[in-house]
Amino acid sequence: MWTALAARAIASRAGGVFVVRMEDLDPPRVVRGAAERIYEDLQWLGIAWSEGPDVGGPFAPYVQSERTPLYQAAIDSLTRQGLTYP
């Protein structure tokens, strides 16, 4: 929660928005229902967010595992340009 408070403050001072992104790239450590509890805890603390898995936004998806196609497209583009190491 400390990180969320700090990130929201930094984003606000910079004229940006606070974005919630869920990290789920380590499946054995993903806890069912944890995302919902995070949302509830943030709301309880009065921390509002502008973008995230539950509200969407222009840079969706906000769940890391759902971004794999985007990452693969970036790697493919870099590879075509000869900018990756085999």
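Counting starts from 1 at the beginning of each chain's written sequence and moves along it residue by residue. Note on the predicted model: pLDDT of at least 70 is required for a residue's local features to be given, and 80 or more for side-chain atom pairs to be given and counted; whole-chain, interface and lining totals, by contrast, use all residues. Water and hydrogen atoms were dropped before computing side-chain values, which therefore reflect all heavy atoms in the structure.

Glancing now at the nonpolar core. Here, the term nonpolar core denotes a set of buried Ala, Val, Leu, Ile, Met, Phe, Trp, Tyr and Cys residues that are joined through side-chain atoms within 4.5 Å. Remark: exposure states derive from per-residue accessible area (1.4 Å probe, protein chains only) relative to the maximum for the residue type, with buried under 20%, exposed over 50%, and partly exposed in between. Judged by nonpolar contacts, Ala 4, Phe 18, Val 20, Met 22, Tyr 39, Leu 42, Ile 47, Trp 49 and Val 63 together constitute the single largest core of 9 residues. Note on contacts: a residue pair is in contact if any heavy atoms of the two residues lie within 4.5 Å. Among residues more than four places away in sequence, those in contact with Trp 49 are Phe 18, Val 20, Tyr 39, Leu 42, Gln 43, Asp 54 and Val 55.

Turning our attention to the side chain of Glu 51. Tracing the backbone shows Glu 51 in the loop between α2 (34–44) and α3 (68–80). We treat Lys and Arg as the positive residues and Asp and Glu as the negative residues; His and chain ends play no part in the count. Any Lys or Arg side-chain nitrogen found within 4 Å of a carboxyl oxygen on Asp or Glu counts as a salt bridge. Arg 67 provides the closest opposite charge to the buried, salt-bridge-free Glu 51, at an N-O distance of 8.3 Å. Side-chain polar atoms of Glu 51 contact the side chain of Tyr 62, separated by 2.4 Å. The contact partners of Glu 51, leaving out residues within four places of it in the chain, are Val 17, Phe 18, Val 19, Val 20, Gly 56, Gly 57, Pro 58, Phe 59 and Tyr 62. Secondary structure elements are defined from DSSP: runs of H or I of at least 4 residues count as helices, runs of E of at least 2 residues count as strands, and each element is numbered from the N terminus. Polar contact is the term for a pair of N or O atoms within 3.5 Å; when the atoms are in protein, one must be able to donate a hydrogen and the other to accept it, and sequence-neighboring residues count only if both atoms are side-chain atoms.

If you add up the space inside the largest pocket, you get close to 330 Å³. Any residue outside Ala, Val, Leu, Ile, Met, Phe, Trp, Tyr, Cys, Pro, Asp, Glu, Lys and Arg is labelled polar, Gly included; the first ten of those are nonpolar and the last four are charged. Here the lining of the largest pocket is built from residues that sort into 9 nonpolar, 1 polar and 5 charged. Method remark: on a 1 Å grid restricted to protein atoms, a set of points is classed as a cavity if a 1.4 Å probe fits but cannot get out and as a pocket if it is open with protein on both sides within 12 Å along at least five of seven lines; lining residues have an atom within 4 Å of a point. Grid points are joined across faces, edges and corners, and a volume is the space filled by probe spheres set on the points. Estimated volume of the second largest pocket: approximately 240 Å³. Met 1, Thr 3, Ala 4, Ala 7, Phe 18, Val 19, Val 20, Arg 21, Met 22, Glu 23, Ile 38 and Leu 42 together form the lining of the second largest pocket. Put simply, the parts of the chain that give the lining of the second largest pocket at least two residues each are α1 (2–13) and α2. Across the lining of the second largest pocket, the residue classes break down as 9 nonpolar, 1 polar and 2 charged.

The next point concerns the pattern of salt bridges. Taken as a whole and assessed by the stated rule, the structure comprises 2 salt bridges. The partner of Glu 23 in a salt bridge is Arg 21, with the nearest N and O atoms 2.7 Å apart. According to the relative accessible area criterion, Arg 21 is partly exposed, its value standing at 47%.

What follows deals with a nonpolar patch on the surface. A grouping of Met 1, Ile 38, Trp 44 and Leu 45 is seen on the molecular surface, where their side chains present a nonpolar patch of about 440 Å² in accessible area. Looking at the secondary structure, you find Trp 44 in helix α2. What goes into a patch is any residue over 30% in relative accessible area without a salt bridge, connected to like charges within 9 Å or, for nonpolar side chains (Val, Leu, Ile, Met, Phe, Trp, Tyr), within 5 Å. Surface accessibility follows the Shrake-Rupley procedure with a 1.4 Å probe radius. Residue values consider only the protein chains on display as shielding.

Here we take up the packing of aromatic side chains. For this analysis, a ring pair means two rings from Phe, Tyr or Trp (six-membered ring only for Trp) whose centres lie within 6.5 Å, classed as stacked if their planes differ by under 30 degrees, edge-to-face if by over 60, and tilted for the remaining angles. Counted under the stated rule, the structure contains 1 aromatic pair. Ring geometry for Tyr 39 and Trp 49: centres 5.8 Å apart, planes at 25°, overall stacked. Of the two residues, Tyr 39 sits in helix α2 while Trp 49 sits in the loop between α2 and α3, which places them 10 residues apart along the sequence. Neither residue differs from the other here; Tyr 39 and Trp 49 are each classed as buried.

The values are spatial; any link to function lies outside them.
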